[in-house]
Amino acid sequence: MSHVVGKEPDLECGVEKLRLDVVRQTCTPSFGSGTTPLEEVGHSSTLEFLMMRGVEQGCRLIETSDQDFTDYMKCLLIMLDEIKQRNLQVDAIVTLGGLGGRFDQTMATVETLHHALSMTQLPLLVIQGTNLAFMLRSGKHTLRVNTGLEGDWCSLIPVGGPCLTTTTGLKWNLNNQVLQFGKLVSTSNTYESVSPGQPRKCVTISTDQPLLWSMGILR
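Scope of this entry: the structure provided in the associated data block. (Residues numbered from 1 in each chain as written. Predicted model: local features only at pLDDT ≥ 70, side-chain atom pairs only at ≥ 80, totals over all residues. Heavy atoms only, no water.)

Topic: the overall build of the protein
Under the convention used in this document: Secondary structure elements are defined from DSSP: runs of H or I of at least 4 residues count as helices, runs of E of at least 2 residues count as strands, and each element is numbered from the N terminus. Throughout this description, buried means an accessible area under 20% of the type-specific maximum (1.4 Å probe, protein chains only), exposed means over 50%, and partly exposed covers the range between. Residue contacts are counted whenever heavy atoms from the two residues lie within 4.5 Å of one another. Accessible surface is estimated by sampling points in the Shrake-Rupley manner with a 1.4 Å probe; for residues, cover comes only from the protein chains shown.
Assigned secondary structure in the protein consists of five helices and twelve strands. The burial tally for the protein puts 36% of its 219 residues in the buried class. Here the contacts in the protein between residues at least 6 apart in sequence split such that 70% fall between residues at least 24 apart. Total accessible area computed for the protein in this model is approximately 12600 Å², and 54% of it derives from carbon and sulfur atoms.

This is the structure we're talking about:
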């Protein structure tokens, strides 16, 4: 999972090469769960310029009026449909942004990660600044965190309900313990210490419910 860290420029180039479609949101400031384009861009003339530039580069403008989904969810739905229609071979979906700024919008990103588990089997990662978030499915996972691009902190957050969890490779491991708001949440964790010159051990996580993994990464 951590192998995508540090490759944001390559990912951006990949997006440009694929000429992914521009999604023109039709939300209003007063209604719906999504944010408006004007809030994101700051001025309507800037938005119009960006849309025109996208069209000139071969992008499509897609009207979306559904107010029941966040903007992130709308984009994800369109992307998954495009992947299916074009029969694209995709290993993972990486979102750049969505973990900073307004707290409610950060939580909307987390909700989308949880929602996406029923939409696709593709891994869906979110990266912003020095943060990476990924929703683990129920089951056992092995995370390779020895690329040298990882930061010092990590966390396991039970956003959808109680999670019976066991881990290895962390400083504060869980041994068949329940993570649950109001009881125990594994924030501000870190990795098991190793001798100087030795690679960091893999982290293993077993959970019976979806569990949010987040970690620090280096710029």
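Looking at the pattern of salt bridges
Spelled out, the test is: For salt bridges, the criterion is a side-chain nitrogen of Lys or Arg within 4 Å of an Asp or Glu carboxyl oxygen.
A complete count under the given rule lists four salt bridges for this structure. Close ionic contact of aspartate 71 with lysine 74 constitutes a salt bridge, the shortest N to O distance being 3.9 Å. Residue aspartate 71 and its partner lysine 74 are both found in helix H4 (residues 71-86); the two are separated by three residues, about one turn of the helix. For the residue pair aspartate 71 and lysine 74, the accessibility class agrees, reading buried in each case. For the salt bridge of aspartate 104 with arginine 102, the shortest nitrogen-to-oxygen distance reads 2.6 Å. Residue classification places aspartate 104 among the partly exposed residues on the basis of a relative accessible area of 43%. Overall, arginine 102 belongs to the partly exposed group, its relative accessible area being 43%.

Comments concerning the pairing of strand S5 (residues 131-136)
Just so we agree on the cut-off: Strand pairing is assigned whenever DSSP detects at least two bridges linking the two strands.
In terms of burial, S5 is largely enclosed, as five of its six residues are buried. With four bridges joining them, strand S4 (residues 124-128) and S5 adopt antiparallel strand pairing. Each residue of the ladder has a partner; that of leucine 125, found in S5, is phenylalanine 134. The antiparallel pairing of S4 with S5 creates a hairpin that spans two residues between the two strands, and glycine 129 there sits at a positive phi of about 60°. Pairing of S5 with strand S12 (residues 211-217), which is carried by six bridges, proceeds in the antiparallel orientation. Its bridge partner being in S12, methionine 135 is matched across the sheet by leucine 212.

So, the sheet that holds strand S6 (residues 139-143)
Using the following cut-off: Only the stretch in contact is used when a helix axis is fitted, and all axes are lines through C-alpha atoms; the angle between N-to-C directions ranges over 0 to 180 degrees.
With respect to topology, four strands assemble into an open sheet ordered S6-S11-S8-S9, the strand pairing being antiparallel. Because the sheet does not close on itself, it has two edges, and the strands there are S6 and strand S9 (177-179). Taking each pair of neighbouring strands and ignoring which way they run, the sheet shows an average axis angle of 35°. Note: S6 against strand S11 (residues 203-207), five bridges, orientation antiparallel. Each residue of the ladder has a partner; that of glycine 139, found in S11, is threonine 207.

Describing H4
Since the α-helix packs 3.6 residues into each turn, any two residues three or four apart lie on the same face. Filter applied, for reference: One fewer than the residue count of a helix, multiplied by 1.5 Å, yields its expected span.
In a regular helix each residue adds 1.5 Å, so 16 residues correspond to 22 Å; H4 covers 22 Å between its end C-alpha atoms and thus fits that length. Three or more residues of H4 are buried, namely Asp71, Tyr72, Met73, Lys74, Leu76, Ile78, Leu80, Glu82 and Ile83.

Quick word on the side chain of histidine 141
Using the following cut-off: We call two N or O atoms a polar contact when they sit within 3.5 Å, provided that within protein one can donate a hydrogen and the other can accept it, with sequence-adjacent residues counted only if both atoms are side-chain atoms.
Within the secondary structure, histidine 141 sits in strand S6. Here arginine 137 takes part through its backbone oxygen, which lies 2.6 Å from a polar atom of the side chain of histidine 141. When sequence neighbours within four positions are dropped, the list of residues in contact with histidine 141 reads Leu136, Val203, Thr204 and Ile205.

As for the sheet that holds S4
The six strands lie next to each other as S3-S4-S5-S12-S7-S10, forming an open sheet whose pairing is mixed. Each end of this open sheet is capped by a strand with a single partner; those strands are strand S3 (93-96) and strand S10 (186-190). If you compare each strand with its neighbour and ignore which way they point, the axes differ by 20° on average. Here four bridges tie S3 to S4, and the two strands are oriented parallel to one another. Pairing of valine 94 across the sheet is with leucine 125, part of S4. Against the sheet, H4 engages S3 and S4, with an angle of about 150° to S3.

What about the environment of alanine 92?
Its place among the elements puts alanine 92 in the loop between H4 and S3. Among the residues examined, alanine 92 registers a relative accessible area of 31% and is labelled partly exposed. The sequence separation of alanine 92 and leucine 122 amounts to 30 residues, and the corresponding C-alpha distance is 5.4 Å. Each residue touching alanine 92, except ones within four places of it in the same chain, is listed here: Leu122, Pro123 and Leu125.

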